[in-house]
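Observations on the three-dimensional arrangement
If you want the building blocks of each chain, they are given just below.
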Amino acid sequence: MRGRLLILAAGLVLCAVCGVLYAWSMFVVPLERAFGWQRAETSLTFTFMITFFSLGMFAGGKLLRFGPARAVRIGGLLCAGLVWASRVDSLVGLYLSYGVVAGFGIGIVNLVPAAVCLRWYPERKGLVSGLLTMALAFGTLVFGTGGAGWLIGKVGVSDTFLALAAAFLVLVAGGSGLLRMPPEQPGTASAEGVGLGGMLRAPSYWMIWGWMLAIQIGGLMIIGHIVPYALEVGLTEAQAALGMGVYAVANGAGRLLFGYVHDRLGRAWGMGLDAALMGLGLFLLAALPPRWGMAGLLLGAVPVALAFGGTIPQLAALIMAFFGPRCFGVNYGFSTTPLMVASICGPFLGGLIRAWSGGYLVALHVA
C-alpha cells in the first residue's frame, strides 16, 4: 500500500509541473506589449501548444515500452523549448519553442503518470484520474498565476521562461525515478484490452471523442483568453490574474468532482452533467461580466472551469473501462486528439473572431 501511495505522489508532482502548459494566458498581454503582436497572432501559440501536447501524449504511450522513468525524462529534456522561448523575438520562434517543442515534451510527461497510476488503482479509476488531473490544474495556479504572473512583473518575460524551464527539469528529475509499473501477471485483468485499431473501430469510442471535443472547445477558448477578456470588460490586471487563478482552482476541483461523480453515479450522469455545466457557464460568461464586473466573471468562469476540468478524468476512466489496460498508454494518448481540434476551434478562432468583431462576446456565443 505504501509503495503505490509513493508512486501516486510522484505522479501528482509530475502532473503539477505540467501546469506550465496552461500558464500561457499570463504571457499574452506582456508579449503583445513587448513586440507589438496582435491577438490573433499570439493565440496561435496556444493552438500549437495544445496540438503538440496531444501528439506528445500519444508519443508518451509509445515511449512507455522503454519504461515510465525513461519516458518522463525524454519529455523533461524537451523543456529546452522553454529555454529557447526566452531567446526568441519572432512569432515563428515563439510557435516552435513554446508551442511545438515545449508542448510536445509536456504531453509526454503528462501521459505517463496516468498510465502508471491507473494500473496501481484499478478500483478507483475516476478518483485517481481526477487527482492526477487536479494536480495539473493546481500546477496552473502555481506556475501560472503564482509563478509566471509574479515573475513577469519582477524579471520580465524572458527570465520567467528560464525559471519555468528550471522548475520543470528539477521536478521531472525527482519524480521520474519513483515511477514503475505494477507486476504484470499473465491471465489477469492487467493483460486484457484492445489495441488502437480495435478502439478506433468501436462506435462507442467516437461517441466519447465527440463528447470530449464539444466541451473542450469552450474550456480551451476561455483558458486561453480569460485574462485579456477580463481586461476588455474593464477589470484591472490584478483582477484578471485573480480570475485566472480562480479558473485554475475550479478547473482542478472539477477534475476531482467529476472523477468522483463518474465512479459513484456512473458515466451517463458524469458525462451529461459535465456537458450541461459547460453550456450554462458559457452563457453566463457572455452575459454577466460586462454588467457585474469581477463577480460576473467568476460566476461565468467557474462553471466553465468545472466542466472543462471534468472531461479529463472521465476520459481516462472511459478509455480504461471500455478498452482495457493492455494498450492504455497508446489508446489514451490518441484519445486526447479532440484537444488538437478544440485548440483551433477554441483559442485560435476565439482570437480571430475577437479581432474581427472587436470584442469577445461574439466568440463566446459561437462557443
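As shown above, the structure is provided for reference.
In this report, we go over the structure that sits alongside the text.

Listed in full, the buried residues belonging to helix α2 (residues 25-35) are S25, M26, F27, V28, V29, L31 and E32. Residues of α2 that are buried make contact with α3 (39-63), α6 (91-120), α7 (125-155), α8 (157-176), α10 (203-232) and α11 (237-265). Positive phi shows up at G36, right after α2, with a value of about 75°.

With that out of the way, let us pick up the packing of aromatic side chains. As enumerated under the stated definition, the model contains twelve aromatic pairs in all. Relative to F323, the ring of F322 lies with its centre 5.9 Å away and its plane at 40°, an arrangement referred to as tilted. Taking the relative accessible area as the measure of exposure, F323 reaches 5% and is therefore buried.

Moving on to the state of the cysteines. Applying the stated criterion to the full structure yields zero disulfides. Between C117, a free cysteine, and C15, which holds the nearest cysteine sulfur, the sulfur-to-sulfur gap is 7.4 Å. Relative accessible area serves as the criterion here: at 1%, C117 is assigned to the buried category.

Counting residues in each nonpolar core, the largest one holds 115 residues, and the members touching the most others are Y22, F27, Y98, L220, I222, Y247 and Y332. Beyond its immediate chain neighbours, meaning those up to four positions away, L220 contacts Y22, F46, I50, F308, L339, A342, S343 and P347.

Relative to the elements of secondary structure, G76 occurs in helix α4 (residues 68-77). Judged by its relative accessible area of 1%, G76 falls in the buried class. Spatially, the C-alpha atom of G76 lies 10.0 Å from that of C18, the residues being 58 residues apart in sequence. With near-sequence residues (within four places) excluded, G76 lies in contact with V109, F168, L169 and V172.

For the structure on display, the rule yields two salt bridges. The residue R354 makes a salt bridge to E232 at a minimum N-O spacing of 3.1 Å. Taken together, the positions of R354 in helix α16 (residues 337-357) and E232 in helix α10 put the pair 122 residues apart, joining distant regions of the chain. On the basis of relative accessibility, which here comes to 25%, the residue R354 falls in the partly exposed class. Looking at E232, the relative accessible area reads 30%, which means it is partly exposed.

Cut-offs used in this document
- Numbering of residues begins from 1 in every chain and follows the order in which that chain's sequence is written.
- pLDDT decides what is reported in this predicted model: residues at 70 or higher carry local features, side-chain atom pairs at 80 or more are listed and counted, and totals for whole chains, interfaces and linings draw on all residues regardless.
- In computing side-chain values, all of the structure's heavy atoms are included and hydrogens and water are not.
- Partly exposed describes any residue whose relative accessible area lies between the buried limit of under 20% and the exposed limit of over 50%, with all areas from a 1.4 Å probe on protein chains only and scaled to the type maximum.
- Under the DSSP-based scheme used, a helix requires at least four consecutive residues in state H or I and a strand at least two consecutive residues in state E, with every element numbered from the N terminus.
- We call two residues contacting when some pair of their heavy atoms lies within 4.5 Å.
- Geometry of aromatic contacts follows a simple scheme: Phe, Tyr and Trp rings, the Trp one being its six-membered ring, pair when their centres are within 6.5 Å, and the pair is stacked under 30 degrees between planes, edge-to-face over 60, tilted otherwise.
- For the purposes of this analysis, a disulfide is any pair of cysteine sulfur atoms at a distance within 2.5 Å.
- What we call a nonpolar core is a set of buried Ala, Val, Leu, Ile, Met, Phe, Trp, Tyr and Cys residues that are connected through their side-chain atoms within 4.5 Å.
- Salt-bridge detection follows one rule: a side-chain nitrogen of Lys or Arg within 4 Å of a carboxyl oxygen of Asp or Glu.

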